[in-house]
Amino acid sequence: MVDDVSLSVASGQVTCLLGPSGCGKSTTLRMIAGVETPDTGRILIDGDEVFGPSRNLPPEARGVGLMFQDFALFPHLTVAQNVAFGLSDRTARRERVESLLSRVDLAGFGPKHPHELSGGEQQRVALARALAPRPRVLLMDEPFSGLDNRLRDGIRDATLEVLKSEGTAVLLVTHEPDEAMRMADEIALMRDGRVVQRGAPYNLYNSPVDEAAAAFFSDVNVIRGTSRGALTETPFGAFLTPGHADGAEVDIVIRPQHLKIDFDRAGRGPNPTPRDGTAARGTVERARYLGRESLVEFRMDFDRSILTASVPGVFLPKAGTPLWLMIRRDRCFVFPAVRP
């Protein structure tokens, strides 16, 4: 179900509908395409109403291009025939097909059939076919999900370059935050059929509307406390929590990369001095190396809670090692406590 979704996408702009499976992303895309019919509302493309109280244009009359995760290429047609499908002008068709195949780095692939291509090559053919009729809007439903992880980033970048050069308005559906951050000019974060936050990727990542929005983009630590007199006590000292009622539980959210291990303080004795700032001691529970970084889990002395820090490179302290931690207060978010 989709409820009260309002979007606008400008020419040359990539907007990502981002959210978990079942939140209404693909349903929104199908309604714009004309494959599903909304109960109410209006859909306009270039100012022309394609759906409204008295109008419902069929999909083929909307000037919309579609690109799906399975590519949906016609197996019995050549690459060139797939790209040309739907183009009526025979003379212009050949020039358009050759131009697009060149731009997606498939020059000379016209005579091949889809089964002769790799997954990445099929994706580029599907992109060329979707763009061939110069649609006013291109709708892309998880177009990279079927690709090998090793190829995905390069193909995303190449696709974005082609989309920008065409100047088409693009609405991309994805459930992957990294993909949305990489490709979008604007992200519309969906949950339970509604857009809960909309804006530039930087703004959604650094100013999430709620705890769930913060957690959707990355792992988070949650420090729970009680607001009293607009202050909440934490392992790292008192936090300002204005706007929360006295006695209300609050969640202070911080990402693992902003939880810092204070290596200098480790040899200074059991307690930091006031000049050192507010630090908190924890004991290592577990450490894992993930390639580019290490994740270290701590059991905090203050309240026995578990917090996770990410450390660039290799850092694998033994379980039971006590270390002092600091946090970036300017990177913390304060929200009303979320009950499980």
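Above this text you will find the structure in question.
None of the values given here were measured: they were computed from a predicted structure.

K.L.:
Is there a simple way to explain the packing of aromatic side chains in this structure?
P.N.:
Aromatic ring pairs are reported here in terms of the distance separating the ring centres and the angle at which the planes meet. All chains considered together, the criterion is met by four aromatic pairs. Between F74 and F85, the ring centres sit 4.7 Å apart and the planes meet at 50°, which makes this aromatic pair tilted. With F74 in the loop between β5 (64-67) and α2 (79-84) and F85 in the loop between α2 and α3 (90-103), the pair connects residues that are 11 residues apart, well separated along the chain. Each ring, one from Y205 and one from F217, has its centre 6.4 Å from the other, and the planes form 80°; the classification is edge-to-face.

K.L.:
Explanation requested: the nonpolar core in the structure shown.
P.N.:
One recurring pattern in soluble globular proteins: nonpolar side chains tend to sit buried together. By size, the foremost hydrophobic cluster in this structure holds 43 residues, and its most contacted members are V83, L127, L138, M140 and I187. Take this core: its biggest share by element is six residues, from helix α4 (residues 119-131). Each residue touching V83, except ones within four places of it in the same chain, is listed here: V97, L100, L101, V125, A128, R129 and A132. By size, the runner-up hydrophobic cluster in this structure holds 20 residues, among which are I252, A280, F298 and I327.

K.L.:
Please clarify how the layout of surface pockets should be interpreted in this entry.
P.N.:
Rolled over the atoms, a probe with the dimensions of a water molecule shows which regions are left empty. In this model, the largest pocket occupies a volume close to 750 Å³. In this structure, the largest pocket is lined by 30 residues; those nearest its centre are V5, T28, I32, R42 and I43. Where the lining of the largest pocket is concerned, the elements lending two or more residues are α1 (25-33), β2 (43-45), β6 (137-141) and β7 (169-174). Considering only residue class, the lining of the largest pocket consists of 16 nonpolar, seven polar and seven charged. When its volume is computed, the second largest pocket comes out at roughly 460 Å³.

K.L.:
When you look at helix α5 (residues 149-166) in this model, what are you seeing that I'm missing?
P.N.:
Side chains of residues three or four places apart in an α-helix project in the same direction, reflecting 3.6 residues per turn. With 18 residues, α5 extends 26 Å from end C-alpha to end C-alpha; this agrees with the ideal 26 Å at 1.5 Å per step. When α5 is considered as a whole, its buried residues turn out to be R152, I155, R156, T159, L160, V162 and L163. With its phi angle positive at about 75°, G167 sits one or two positions after the end of α5.

K.L.:
Help me out: how do you make sense of the pairing of strand β8 (residues 186-191) in this one?
P.N.:
Regular strands place their side chains on alternate faces of the sheet. Here β8 lies mainly inside the structure; five of its six residues are buried. Examined bridge by bridge, strand β1 (residues 14-18) and β8 share four bridges and lie parallel to one another. The partner of C16 across the bridge, within β8, is I187. With five bridges joining them, β8 and strand β9 (residues 194-199) adopt antiparallel strand pairing. Pairing of A188 across the sheet is with R198, part of β9.

K.L.:
I would appreciate a short explanation of the environment of F109 in the present structure.
P.N.:
Relative to the helices and strands, F109 is located in the loop between α3 and α4. For F109 and V125, which are 16 residues apart along the polypeptide, the C-alpha to C-alpha distance reads 9.4 Å.

K.L.:
Could you clarify how one ought to interpret the sheet that holds strand β17 (residues 306-312) in this entry?
P.N.:
Where strands meet in a sheet, backbone hydrogen bonds hold them as pairs that are either parallel or antiparallel. If you walk across this open sheet you meet the five strands as β14-β18-β15-β16-β17, and the pairing is antiparallel. With partners counted over all chains shown, the strands left at the sheet margins are β14 (259-261) and β17, one partner each. Neighbour-to-neighbour, the strand axes of this sheet turn through a mean angle of 45°, independent of strand direction. Where β14 meets strand β18 (residues 322-327), three bridges bridge the pair, whose relative direction is antiparallel. Residue pairing across strands places L259 opposite I327, the latter belonging to β18.

How each quantity is defined
Residues numbered from 1 in each chain as written. Predicted model: local features only at pLDDT ≥ 70, side-chain atom pairs only at ≥ 80, totals over all residues. Heavy atoms only, no water. Phe/Tyr/Trp six-rings, centres within 6.5 Å; stacked < 30°, edge-to-face > 60°. Helix = DSSP H or I, 4+ residues; strand = E, 2+ residues; numbered from the N terminus. Core = buried A, V, L, I, M, F, W, Y, C linked by side-chain atoms within 4.5 Å. Buried < 20%, exposed > 50% of the residue type's maximum accessible area, 1.4 Å probe, protein only. Contact = heavy atoms within 4.5 Å. 1 Å grid on protein atoms, 1.4 Å probe; cavity = no way out; pocket = protein on both sides within 12 Å on 5 of 7 lines; lining within 4 Å. Points joined across faces, edges and corners; volume = space filled by probe spheres on them. Nonpolar A, V, L, I, M, F, W, Y, C, P; charged D, E, K, R; others polar. Expected span 1.5 Å × (residues − 1). Pairing = 2+ DSSP bridges. Axes fitted to C-alpha atoms, helices over the stretch in contact; angles between N-to-C directions.

Keep in mind these numbers describe shape, not what the thing actually does.
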